[in-house]
Each structure stands twice: as structure tokens, then as C-alpha cells.
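Examining the three-dimensional arrangement
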Amino acid sequence: MKFVGVTSCPTGIAHTYMAAEGLEQAARAAGHEIEVETQGSAGLEPISPETIAAADAVIFAVGVPVRDRGRFAGKPLVEADVKKAISDGPGLIAQAVAAVEEAQANPEAFAESQAAKPAGSRGGGLVSKVDSSAPVGTRIRQWLMTGVSYMIPFVAAGGILIALGFMVAQLAGGKEGAIVVTKLYALTGPPDPNPTHIINIVTDFNPADGMHWAALLFLVGAASFSFLVPILSGFIAFAIADRPGLAPGIVGGFIASTIGAGFLGGIATGLIGGFVALWISRWKVPKGVRGVMPVVVIPLLSVLITGAALILILGRPLKALTDGLASWLHGLSGANLIVLGIILGLMMAFDMGGPVNKTAYTFATTGLAAAATATGSTNLKVMAAVMAAGMTPPLGLALATTVRRRLFSEAERENGQAAWLLGASFITEGAIPFAAADPLRVIPSCMLGSAFTGGLVMAFGNTLRAPHGGIWVTPLISSPLLYLLAIAIGMVITAAAVIALKAAGPGPVKTELDTAEAVTV
Amino acid sequence: MSLITENLVVLNLDSPDRHAATRVLAQALADEGRVTDLDGFLADVRKREEQMPTGLPGGIGIPHARSAHVTEPTLAFGRAPQGIDWGAEDGPATLIFLIAAPEGGGDDHLKILAALARRLMRTEFRESLMNAPDATTVVDVVTREVVNP
């Protein structure tokens, strides 16, 4: 017979190759052919698709998850620990022979078993990087990292498009362009009664108008951003419960996003959805019901329970929290401005788009509206502090990934590159992938840097007349050089704090994006 | 540079347990300048060992790590006639291979270690190491089989 195999181990320098040798020797001795892909650290030479197609069965002897597992789908599979191939290669070959014979003897049962496999282990399937034997702390980080790794493309695409939108708006619309682009354009409407100033980009797109292009970039970016929390939540649940976790996770995340619970709310729904789905999928049910479990019962109940839990249990305290914070902030208006700047900084960095951040941001923008009518330079300072404090988290993390690459996973390092542009554009969400993967170390670091920046902006007395835009609205900022200095200081503080905290604890969780050279010890 | 030298061969490894044995071999690596920080390197090896002991059937122990404290891929070889428990089910290890890989090593270097790992699965290779009369023979066997096959 012809076999293909994959071997791997945590370090990727010894067991991987010994196991490959073990399988090759055993196959040769038993008169079979085998080609083994060693997923170790000495470079990867993938088995060709033709060889895989011609194989009768697949043998995985692995210590870490198989890379690109989907390539081997649809074949009889023998899966074992890497040590098994070293100690008992002939036994694994015998198992593979038996698996082939069984599949040939009963092709229908084999096809059925293939179809019943969860997404994580099936053809072209989605992968999660969860080692079920790891300690709880590690597993939680692996769940979070799975969610983060699927979320990152949405952050990168959305963030960069929005930033590009600001840039184009700056060129086409002048000083106020970056403000106008967020306000005057939409993909629907204008609603009735017709506020004529809203321009529907779908029906009224004008290629000759630069602002329309800016709005197009901005709106597509915003659409991508609206998936951050649902995708994060969905794939955290997926990491916990496999395919049944996706629906409750994504729906829960969407609701978290809608009610303004931010990415922390999304982590909560991901965990809830995952465990509810896992729990239901383990129910012992009569045979007649078993068939409808995956298509009806599990999705129905898990989505309902997750969504209802969020709305009924988390919804009200969340509203109370934001209301309380808002009135507390308004009460502080007369207090020392530097203290207010520090508090706003802490709030901006705490949940990056979640309720606390939104409260601080709304506090600033409503002040801005009031300042348009009155002479409220305090309100303009608040806006300046809030924007600066919202720029430092992604910038600080981008800096940290640049100077201390090893403390971050490959996925995080790539996200770090986009985070420069996102931070500069006041897109605080650029820091979410880092914060969601490692909240306890990243969030305090971001808060520290943002607190400094918020306080410094107040001390410098910068004012800002725009609600958004980052460096693209620099012309609207008073004493911009001092402003940029305040941001740079916060950025360095955040980077230093996150490096110090990460260097002290466990290293990054690896994802499928990690390459051979990043294999852990 | 060579994968192994005569100073990296310990033919009478007489240590009470695998951690002590690893330290003896690692000390040899440090003395040869292959490891810059002995304790840092040992901590890396131990971290790997704690994930799962590296003892294998047939009386073999392969403690190993990729470590920032390693200057180049190196093998330190120890023979323990009385045997040292290395966590394998079928008994203590008599042949100990301490494999040190640098953190950012190039592909070629790591290929040598991969070739070494494959040879460990060959009975003749193990036997010639088991029966080698002196350190020079060990170095010759490894060089012939792994470095210039």
C-alpha cells in the first residue's frame, strides 16, 4: 500500500525526524511505500498533492497540531502521539493497513464517518490551536488566540481602509475632510423625512468626486470593522466546541457589538457560546433525536441561551455602568483638567471600543457639539486628550512588536505592522487583537500609556475641533508638535510596560500562522 | 564547525538522575564555548523535558532544546553503563544525546540535527556508539554517519 505521514513535535529538532525514520523503516520492512512530511524546524517540504491523492491512508504521528491538515482529508486516518512512531512504527503501519481494509470493506460507513467529523478535522477545514491536554490557563489563552487569529484580517482590512479613507478625504476635502467623510455618506437612505445632506454612495456615487472615493473606502472599512467582535466571539467558541460553537459565538458577538459591550463582551459571549454548545453536544439523547442534534437542537438552544444570557443578564448592568460613568464624568467637569485627562486616558484604553471607551469618547464628542455654539475651549481640550489617548494603544503595541519580536506570535507581529497606521489614524481597535489574546498584561499597559498621554495633552493645553481622524486632522490641532510629543511619550510607556510584563510571563501562544522558525522549545 | 568534538563525549556518565546527567553534558558544551549561559540553557532543556520526558525505548535519552544561549548546533554524547532513568517505559537510558540548537539557526544547521535524529533510529548507529572504545571513535562515527554521510 501507499501511505503518507506527518510527524511533528514541540521543539521540532529531534522527535519529528526520529518518528519519520521510524515510520519509513516500518513501512519498508512491511513492504509498503510511505512519504513522510516532517513538520519540524529544518525547513518544510510539503508532500505533493499528487502523492497525497495516490495514498491509501494517512498517518499522523504528532506532538503539535498538523499544519494544513485539510490537505489530507477524506482518507482513512491513523493518528497517534509522535512517540508512538518512534517506539512502535510497525504497530502504526499495521493500524493504517487495518484502517484501509476497514474502509474498503465498508465504504458507506467510512463515507458517513467522514461526513460526521467536526470542521476542525475535516477537509479544507478551519483550524483551532487548542491542545486539550494543556493546563487551563494555557487553554484559555489558546481559545482567545484562535479567536484573535481569525479576527486579525478584519482588523487589518477595516483599519487600513478607514485610514486610507481619511487620507483621501484629507486630500479631497481639505482640513475638514476627515470629519465630513464619517458623517455625510452612507450605503442606505437617505431616510425619510429626507435630510438632504446624507449622500447615498450606492445610488449617487460620482467617480469624479474625491470625497466619494474617500467615503467608499471608509464605508467598506467600517463594514469590515463591524465583524470584529462577532468573529472574535465566534472563533473563541469554535476553539472550545468546534463547529457547533460558531453559531452561538457569532450571534452572541453580534449582539455584544450591537449593545455596545465591546470586545470584552465578545470574549464573554465566545466563552458562553462555546461552553453551552459543548455542553449540549454532549447530551445523551435517544437515537431518534441524534440525527437532528447538529442541525436543529444544538444551534437552536445554544444561540438562544447565549443571546438571552447576554441581553438579560449582561445588558442591564452594562447600561447602568455606562450611564453611571457618563454622569460621573460630567460631574468631574469642574475638576483639575490634568486629572480629567488621566481618567479619560485610562477609560479610552480600558476596552478599546467597549462601553467604557465609548463613554469617554461620547463625553468628548458631545462636548465638541456644545463647543460649536459656546466658547468651550475646555471641551476642545477634552476632545484632544481623548483622541490622543485612543491613538497610543495601537502605536505602543506596534512599537513593542518592532523592538521585541520574540515576545509576540507571528500573527501578532503582522498585526503590529498594521497597528502603526491604525494608531496614527485614531483607530484604537488596532490594539484589540493584542488585548483579546492577552488581556491581563496588554490592557494595563495600554491604560498606563494612555493615562500619561491624556494628562500630558491637558497639561500642554492642546485643543481639537474634530471628533476623529488621528494625524490626518493635525491642521485642526493647536500646537501639534507638543500634541505629537504627548502621543509619543504614551506610546513608549505602553511599549515598555507591555514588554516588561510579557517578558516576565509565559511566551506567546502559537497559531497556524507561525512558521517553522518560530517553533517553541 | 563540527557537530561534536572529543571534549563533548563523556563515556562514563555516572550521575544520580537525568537532571544531573544533563548538567554534566551541558557543562561540556559550555567549556567548549557552544553554550554561553549554562543555567539559561539548562532551564530551556528542562522546560522541554517537563513537557514530556525525552527518554525513548531502547535505552536512549535525548534531552534537547532550541535556546538563545546556544552558539551553534552541537551534540554532546554521554554513555551511562549503569543506566539513568529518563522517563521511558522500558527502563533507564544508557545512551544520552544532548542536542543543542541555536534559537535562530539556519536551515542547513538544523538539517544536520534532523539527520542526527534519523540516525538515532538505526540500530547499527546505536550499536557502534555503544561499543566505541574511546571518544575519538564516537566522534568519527557521528561525523561519518551524520555530517558526511
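Residues numbered from 1 in each chain as written. Chains lettered and ligands numbered in written order. Predicted model: local features only at pLDDT ≥ 70, side-chain atom pairs only at ≥ 80, totals over all residues.

1. Concerning the overall build of chain A
Let me state the cut-off plainly: Each helix corresponds to a stretch of at least 4 residues labelled H or I by DSSP, and each strand to a stretch of at least 2 residues labelled E; elements are numbered beginning at the N terminus. Exposure in this text rests on C-beta crowding, where 20 or more other C-beta atoms within 10 Å of a residue's own make it buried, 12 or fewer make it exposed, and counts in between make it partly exposed. The C-beta atoms are placed from the backbone. Here, residues touch in the contact sense if the C-beta positions derived from the backbone fall within 7 Å of one another.
The helix and strand inventory of chain A stands at 20 helices and six strands. Considering chain A as a whole, with its 521 residues, one finds that 52% of them fall into the buried category. The long-range fraction of contacts in chain A, counting pairs at least 24 apart against all pairs at least 6 apart in sequence, stands at 72%.

2. A look at the overall build of chain B
Across its full length, chain B carries five helices and six strands. Each helix (α) and strand (β) of chain B, taken in turn from the N terminus, gives the series β-α-α-β-β-β-β-β-α-α-α. For chain B, the residues scored as buried account for 46% of the 149 residues in total. Across chain B, contacts joining residues at least 24 apart in sequence account for 68% of those joining residues at least 6 apart.

3. Description of helix H14 (residues 337–351) of chain A
Residue and element names in this part refer to chain A. To be explicit about the condition: Expected span, for any helix, means 1.5 Å times one less than how many residues it has.
Relative to the 21 Å expected for 15 residues at 1.5 Å per residue, H14 spans 22 Å between its end C-alpha atoms, a close match to the ideal helical length. The element H14 is extensively covered by neighbouring structure, given that twelve of its 15 residues are classed as buried. One or two steps after H14, the chain reaches Met-352, where phi turns positive at roughly 45°.

4. Quick word on the interface of chain A and chain B
A common way to express how large an interface is: the accessible area buried when the components associate. We count it as follows: As a working rule, the residues Ala, Val, Leu, Ile, Met, Phe, Trp, Tyr, Cys and Pro are called nonpolar, Asp, Glu, Lys and Arg charged, and the rest polar, with Gly in that last group.
Each partner contributes residues to the interface: chain A has 17 residues there, and chain B has 22 residues. Those elements that place two or more of their residues in the side of chain A that touches chain B are helix H1 (15–29) and helix H3 (82–87) of chain A. Looking at which element gives the most residues to the side of chain A that touches chain B, the answer is H1 of chain A, with five residues. The residue makeup of the side of chain A that touches chain B, split by class, is eight nonpolar, eight polar and one charged.

5. Focus on the environment of Ser-8 of chain A
Residue and element names in this part refer to chain A. Summarising the element assignment, Ser-8 is placed in strand S1 (residues 2–8). Remark: the alpha-carbon pair of Ser-8 and Met-18, spanning ten residues in sequence, is separated by 9.9 Å. Ser-8 has contacts with Thr-16, Gln-39, Gly-40, Val-62, Gly-63, Val-64, Val-66 and Val-82, leaving out every residue within four places of it along the chain.

6. Quick notes on the nonpolar core
In plain terms, the rule: Linking buried Ala, Val, Leu, Ile, Met, Phe, Trp, Tyr and Cys residues through C-beta atoms within 7 Å yields a set, and such a set is a nonpolar core.
With 131 residues, the main nonpolar core has Leu-228, Leu-232, Ile-236, Leu-344, Ala-384, Val-386 and Ala-388 of chain A as its most contacted residues. By residue number, the principal contributor to this core is helix H6 (residues 136–173) of chain A, which donates 16 residues. With 79 residues, the next largest nonpolar core counts Ala-85 of chain A together with Leu-13, Ala-114 and Ala-117 of chain B among its residues.

7. Description of the environment of Tyr-17 of chain A
Residue and element names in this part refer to chain A. In this structure, Tyr-17 sits in helix H1. For Tyr-17, a count of 29 C-beta atoms within 10 Å translates into the label buried. Between the C-alpha atom of Tyr-17 and that of Gln-39, which follows or precedes it by 22 residues, the distance is 8.9 Å.

8. A closer look at unusual backbone geometry
It is generally the case that most residues other than glycine have a negative phi and that most peptide bonds are trans. All names here are of chain A. Of note, the phi angle at Asp-242 is positive, near 65°, even though the residue is not glycine. Secondary-structure assignment places Asp-242 in the loop between helix H9 (228–241) and helix H10 (246–258). Assessed through the 22 C-beta atoms surrounding it within 10 Å, Asp-242 is described here as buried. Although it is not a glycine, Ser-479 sits at a positive phi angle of roughly 35°.

9. Here's the deal with helix H2 (residues 38–51) of chain B
Residues and elements named next belong to chain B. Selection rule: The directions from the helix axis to the C-beta atoms form the arc being described.
With 14 residues, H2 ought to run about 20 Å at 1.5 Å a step, and its terminal C-alpha atoms sit 20 Å apart, in line with that. Along H2, the positions that sit buried rather than exposed are Phe-41, Leu-42, Asp-44, Val-45, Arg-48 and Glu-49. The arc that holds every buried residue of H2, seen down its axis, measures 160°, which confines them to one face. Summarising the geometry of H2, the exposed residues directed more than 90 degrees from the buried face are Asp-39 and Glu-50. Against the buried residues of H2 lie helix H1 (18–31), strand S4 (64–67) and strand S6 (93–102).

10. Some details on the packing of H6 of chain A against helix H17 (residues 410–424) of chain A
All names here are of chain A. Note the cut-off: Whenever a helix is involved, its axis is fitted only over the stretch in contact; in every case the axis is a line through C-alpha atoms, and angles between N-to-C directions fall within 0 to 180 degrees. Each angle is binned into one of four classes, with values under 35 degrees roughly parallel, values over 145 roughly antiparallel, values of 65 to 115 roughly perpendicular, and all other values oblique. Left-handed describes a crossing whose near helix is turned anticlockwise from the far helix by less than a right angle; the clockwise case is right-handed.
One way to put it is that H6 packs onto H17 with a least axis distance of 9 Å and a crossing angle of 20°. Compared by their axis directions, H6 and H17 come out roughly parallel. As for the relative orientation of H6 and H17, their crossing is left-handed in sense. Mapping the contact onto sequence places Ser-149, Ile-152, Val-155, Ala-156, Gly-159, Ile-160 and Ala-163 in H6 and Ala-411, Asn-415, Ala-418, Leu-421 and Leu-422 in H17.

11. Focus: the confidence of the model for chain B
Under the convention used in this document: Values of pLDDT, ranging from 0 to 100, describe the predictor's confidence in every residue of the model.
Considering every residue of chain B, the mean pLDDT works out to 87; 95% of them sit at 70 or more. With pTM at 0.57, the complex prediction returns an ipTM value of 0.90.

12. Topic: the environment of Ala-20 of chain A
Residue and element names in this part refer to chain A. By secondary structure assignment, the location of Ala-20 is in helix H1. The exposure class of Ala-20 is buried, given the 30 C-beta atoms found within 10 Å. The sequence separation of Ala-20 and Gly-5 amounts to 15 residues, and the corresponding C-alpha distance is 8.0 Å. Leaving out residues up to four positions away in the same chain, Ala-20 has contacts with Thr-7, Val-36 and Thr-38.

13. A word on the sheet that holds strand S4 (residues 77–81) of chain A
All names here are of chain A. What counts, and what does not: Pairing between strands is defined by DSSP: at least two bridges between the two strands are required.
Read from one edge of the open sheet, four strands run S2-S1-S3-S4, paired in parallel fashion. If you trace the sheet from one side to the other, it starts and ends with strand S2 (33–38) and S4, each paired once. Each strand axis lies, on average, 15° off the axis of its neighbour in the sheet, ignoring direction. Lying on the sheet, H1 is in contact with S1, S2 and strand S3 (57–62); it crosses S2 at an angle near 175°.

14. Details of the pairing of S3 of chain A
Residues and elements named next belong to chain A. Of all six residues making up S3, six are buried, and the element is well covered by its neighbours. Alternating positions in S3 separate into two faces, Ala-57, Ile-59 and Ala-61 on one and Val-58, Phe-60 and Val-62 on the other, with burial throughout. Examined bridge by bridge, S1 and S3 share six bridges and lie parallel to one another. From the neighbouring strand, Thr-7 faces S3, where its bridge partner is Ala-61. Pairing analysis gives five bridges linking S3 to S4, with the strands arranged parallel.

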